[in-house]
Amino acid sequence: MVRGYRPVINTLAKGLDIRLGHRYAYLCFSSKCYEHGSTFRLLVLIQALLLRVVEIVRHWNRVEVTVSNGKTFVADAAVITVPLGVLKSNTIKFEPRLPEWKEEAIRELSVGVENKIVLHFSEVFWPNVEFLGVVSSTTYGCSYFLNLHKATGHAVLVYMPAGRLACDIEKMSDEAAAQFAFSQLKKILPNAAEPLNYLVSHWGSDENTLGSYTFDGVGKPRDLYEKLRIPVDNLFFAGEATSVQYTGTVHGAFSTGEMAAEECRMRVLEKFRELDMLEMCHPMAEQTATVSVPLLISRL
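About the cut-offs
- What you see as residue numbers is a count from 1 along each chain, following the sequence as written.
- Local features in a predicted model are, by the rule used here, given only for residues with pLDDT of at least 70; side-chain atom pairs are given and counted only at 80 or more, and totals for whole chains, interfaces and linings are based on all residues.
- Excluded from the side-chain calculation are hydrogens and water; included are all heavy atoms of the structure.
- UniProt positions are given in the numbering used here, feature names are shortened, and annotations may be inferred rather than shown by experiment.
- To qualify as a helix, a DSSP run of H or I must reach at least 4 residues; to qualify as a strand, a run of E must reach at least 2; elements of each kind are numbered from the N terminus.
- Three labels apply to residues, based on accessible area from a 1.4 Å probe with only protein chains included: buried if under 20% of the type maximum, exposed if over 50%, partly exposed otherwise in between.
- Throughout, a contact is declared for two residues whenever any of their heavy atoms are within 4.5 Å.
- With residues, only the protein chains shown are counted as cover, and all accessible areas are computed by Shrake-Rupley using a 1.4 Å probe.
- Here the positive residues are Lys and Arg and the negative ones are Asp and Glu; neither His nor the chain ends is included.
- Here, a salt bridge means any Lys or Arg side-chain nitrogen found within 4 Å of an Asp or Glu carboxyl oxygen.
- Every definition here rests on a 1 Å grid over the protein atoms only: cavities are sets of points where a 1.4 Å probe fits but cannot get out, pockets are open sets enclosed by protein on both sides within 12 Å along at least five of seven lines, and lining residues have some atom within 4 Å of a point.
- Grid points are joined across faces, edges and corners, and a volume is the space filled by probe spheres set on the points.
- Throughout, the ten residues Ala, Val, Leu, Ile, Met, Phe, Trp, Tyr, Cys and Pro are labelled nonpolar, Asp, Glu, Lys and Arg are labelled charged, and all others, Gly among them, are labelled polar.
- Here the rule is simple: two strands pair whenever DSSP picks up at least two bridges between them.
- Fitted lines through C-alpha atoms serve as axes, helices being fitted only where they are in contact, and the angles separating the N-to-C directions of these axes extend from 0 to 180 degrees.
- Per residue, pLDDT measures the predictor's confidence, with a range of 0 to 100.
- Each patch is built from residues that are more than 30% exposed by relative accessible area and take part in no salt bridge. Like charges join if they lie within 9 Å; nonpolar side chains (Val, Leu, Ile, Met, Phe, Trp, Tyr) join within 5 Å.

- For the protein, an unreviewed UniProt entry supplies the name Amine oxidase domain-containing protein and the organism Aegilops tauschii subsp. strangulata.
- Here is the UniProt Sequence similarities (unreviewed entry) comment for the protein, exactly as written: "Belongs to the flavin monoamine oxidase family."

Shown next as structure tokens:
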């Protein structure tokens, strides 16, 4: 991803009503249901900034999402792609509570941390390889450098600590973290030049993520990923933590998003059919006056 993920995001975002300025951005879809000539609204909850989602209330015919300033978003359905670390923190209240099997999946799946410390140099002084591994006598000290020059042409190395080491580095200042990364590089290349500048991620302590990726806990069943993915009424779940085959990856998150969208589409079509049947079976249906059954519930 030489240009990063921004081109992908911009392409996928075309034509969507995206509400930024919230901890979880809302991608609001007003889509035509061509079989019935009606519309439905869908909220997709993803990460953003500032305001926090504090409550998600589900009804049989709508979902209400309330943020910290008291504003409420209403739609027929919602796709929740909130990171597992945030779900585990219980900062979002679900009303009614999620089923026990869903809470079990959130509770029993594990969240790992892997951070990036980007070091930008004035020139390239390292070999033309993809990775520079840091070998240690313990697993705690093992890590590696990713060579971005090989892909981008820029004199940049990215130090990638994981596990307890990554968590401990997050307790440092950014300057101290960059110095630690550089000290690791000096062990491999003693003549390494000082970096010009640096960037440091904090995936484990960032309140919008609280972790980097999902992984299997020791002795935990594999069906937890599927349990996390399965919809609850008109709440649909997606993200890397719901991918059975590609946990911890972007393509795993993307594929589960497509799956959740299709499941949501089928749920909405099923809802419309039920309303059609209600109108057909109403005792007044044979009379001249027809019974009006709203396909789009009024909004708050």
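What follows continues from the structure just given.
1. Re the overall build of the protein
- Helix and strand content of the protein: eight helices and 16 strands.
- Burial statistics for the protein: of 300 residues in total, 38% are counted as buried.
- Here the analysis covers contacts within the protein between residues at least 6 apart in sequence; of these, 60% occur between residues at least 24 apart.
- Per element, the accessible surface of the protein, about 16500 Å² overall, is 58% carbon and sulfur.

2. Brief notes about the side chain of Lys102
- By the secondary structure assignment, Lys102 is in helix 3 (residues 100-108).
- Among buried Asp, Glu, Lys and Arg side chains, Lys102 stands out as unpaired, with Glu263 the closest opposite charge at 8.8 Å.
- Discounting chain neighbours no more than four positions away, the residues touching Lys102 are Lys227, Leu228, Arg229, Ile230, Val232 and Phe237.

3. Some points on the pattern of salt bridges
- Applying the stated criterion to the full structure yields 15 salt bridges.
- Note that Glu100 and Arg107 form a salt bridge whose closest N and O atoms lie 3.2 Å from each other.
- The exposure class assigned to Glu100 is partly exposed, which follows from its relative accessible area of 49%.
- Residue class for Arg107 comes out partly exposed when judged on its relative accessible area of 46%.
- Measuring nitrogen to oxygen at the nearest pair gives 2.7 Å for the salt bridge that ties Arg229 to Glu226. Placement of the pair is Arg229 and Glu226 together in helix 7 (residues 224-229), with a separation of three residues, close to one helical turn.
- Bridged by salt links that share partners, the residues Glu100, Arg107, Glu108 and Lys220 form one connected network.

4. Some thoughts on the layout of surface pockets
- Quantified by volume, the second largest pocket comes out at close to 260 Å³.
- Along its surface, the second largest pocket is lined by 13 residues, and Leu87, Asn90, Phe94, Glu103 and Ile106 are the ones closest to its centre.
- Looking at the lining of the second largest pocket, the elements that each hand over two or more residues are helix 2 (84-88), strand 8 (93-95) and helix 3.
- Residues belonging to the lining of the second largest pocket are distributed by class as follows: six nonpolar, two polar and five charged.

5. Comments concerning the sheet that holds strand 5 (residues 63-67)
- One open sheet holds the four strands; their spatial order is 6-5-4-8, and the pairing between them is mixed. What marks the edges here is a single partner per strand, and that holds for strand 6 (72-75) and strand 8. Recorded for the sheet is a direction-independent mean angle of 15 degrees between the axes of neighbouring strands.

6. What to know about the confidence of the model for the protein
- Across the protein, the average pLDDT comes to 84, with 81% of residues at or above 70.
- For the stretch residues 31-37, pLDDT sits under 50, and the model shows 17 contacts to residues farther than four places along the chain or on other chains.
- Predicted confidence is poor over residues 282-300, with pLDDT under 50, and the contacts of this stretch with residues over four places away or in other chains come to 25 contacts.

7. With respect to a nonpolar patch on the surface
- On the surface, a nonpolar cluster with roughly 700 Å² of combined accessible area is contributed by Met1, Tyr5, Val8, Ile9, Leu12, Val250 and Phe254.
- Counting only elements with at least two residues in the nonpolar patch, the list comes to helix 1 (6-13) and helix 8 (250-281).
- In terms of residue count, helix 1 provides more of the nonpolar patch than any other element does, three residues in total.
- For Val8, the location among the structural elements is in helix 1.

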